[in-house]
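Commentary on secondary and tertiary structure
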Amino acid sequence: ERRHYGLQFHPEVDLSVDGVAVFSNFLDIAGFERSYTIPSRKAKAIKEIQQTVGDKSVIVLVSGGVDSSVCVALVRQALPAEKIFACHVDHGFMRK
């Protein structure tokens with residue numbers, strides 16, 4: 001039987017009380033190795049983007065939030081600029 005585990009908040013941020021302990025417990029319960037690093041994750045994401053896109057072009061919709069901003073930054077590092085068409089989407093939910 002496959003077990004599924006998840007965390008629905010950001011335990012790694014300083015504001016989370018005992019966040020490091022929560023994250024550590026999650027890794028133990030889920031059976032994950034502790035080999036994760038930001039540079040290794042970044043390299044893996046860039047490689048996956050390159051393999052998925054190949055020689056095609058991409059459209060990236062950017063709201064200005066963290067997720068879409070990180071996405072477009074990774075795409076920019078993975079692909080030549082002439083293959084990327086980034087469009088800002090104003091959905092009205094950004095902080096003022």
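For the structure itself, consult the block above.
Residues numbered from 1 in each chain as written. Predicted model: local features only at pLDDT ≥ 70, side-chain atom pairs only at ≥ 80, totals over all residues. Heavy atoms only, no water.

Quick word on the overall build of the chain
As a reminder, the rule being used: A run of DSSP states H or I qualifies as a helix once it reaches four residues; a run of E qualifies as a strand once it reaches two. Both are numbered from the N-terminal end. The globule rule is 2.2 Å times the number of residues to the power 0.38, and the radius of gyration it is compared with is taken over C-alpha atoms. Think of it in three bands: with a 1.4 Å probe and only protein chains considered, a residue is buried below 20% of the maximum accessible area for its type, exposed above 50%, and partly exposed in between. Here, residues are in contact when the closest pair of their heavy atoms is within 4.5 Å. Residues scored as charged are limited to Lys and Arg (positive) and Asp and Glu (negative), so that His and the chain ends carry no count. In this description, the location of a charge corresponds to atom NZ of lysine, CZ of arginine, CG of aspartate or CD of glutamate.
Helix and strand content of the chain: three helices and two strands. Taken from N to C terminus, the helices and strands of the chain fall in the order α-α-β-α-β. Its C-alpha radius of gyration of 17 Å places the chain more than 25% over the 12 Å reference for a compact globule of 96 residues. If one aligns the C-alpha atoms of the chain with their principal axes, the spans along those axes are about 45 × 35 × 30 Å. Here the chain holds 96 residues, and the buried ones make up 22% of them. Within the chain, residue pairs in contact and separated by at least 24 positions form 60% of the contacts whose partners lie at least 6 positions apart. Computed over 12 positive and 11 negative side-chain charges, the inter-centroid distance for the chain is 6 Å.

Some details on the packing of aromatic side chains
Our working rule: Stacked, tilted and edge-to-face are the three classes assigned to paired rings of Phe, Tyr and Trp, where Trp is represented by its six-membered ring and a pair needs centres within 6.5 Å; plane angles under 30 degrees give stacked, over 60 edge-to-face, the rest tilted.
Using the criterion set out here, one finds two aromatic pairs in the structure. With 6.4 Å between their ring centres and 25 degrees between their planes, F23 and F26 make a pair best called stacked. Remark: F26 and F23 occur in helix α1 (residues 19–30); sequence separation between them is three residues, near one turn of the helix. The partly exposed category is assigned to F23, whose relative accessible area is 36%. Note on F26: relative accessible area 16%, which makes it buried. For the pair F26 and F32, a centre-to-centre distance of 6.0 Å together with 45 degrees between the ring planes defines the contact as tilted. Given the relative accessible area of 48%, F32 is considered partly exposed. Grouping aromatic residues by their ring pairs yields a cluster made of F23, F26 and F32.

Side note on the pattern of salt bridges
Working definition: two side chains of opposite charge can pair if their charged atoms are close together. What counts is decided by this rule: Put simply, a salt bridge is a Lys or Arg side-chain nitrogen that is within 4 Å of an Asp or Glu carboxyl oxygen.
One pass over the structure, following the stated rule, counts one salt bridge. In this structure, the salt-bridge partner of D28 is R34, at a minimum N-O distance of 2.5 Å.

Section: the pairing of strand β1 (residues 58–62)
Keep this limit in mind: With the strands pointing away from the viewer, any crossover whose connection runs clockwise from the first strand over the helix to the second is right-handed.
Of the two faces of β1, the one lined by V58, V60 and V62 is fully buried and the one lined by I59 and L61 carries no buried residue. Handedness of the crossover joining β1 and strand β2 (residues 84–88) through helix α3 (residues 66–78): right-handed.

A word on helix α2 (residues 38–53)
Let me state the cut-off plainly: Multiplying 1.5 Å by the residue count of a helix minus one yields the expected span of that helix. For this quantity, the arc is that covered by the directions from the helix axis to the C-beta atoms.
Taking 1.5 Å per residue, 16 residues should reach 22 Å; α2 reaches 22 Å between its end C-alpha atoms and fits that length. Of the positions making up α2, those classed as buried are A45, I46, I49 and V53. Down the axis of α2, the sector holding all buried residues measures 95 degrees, keeping them to one side. Turned more than 90 degrees off the buried face of α2, the exposed positions are K44, K47 and Q51. Once α2 finishes, G54 follows within two positions and takes phi at roughly 65 degrees, a positive value.

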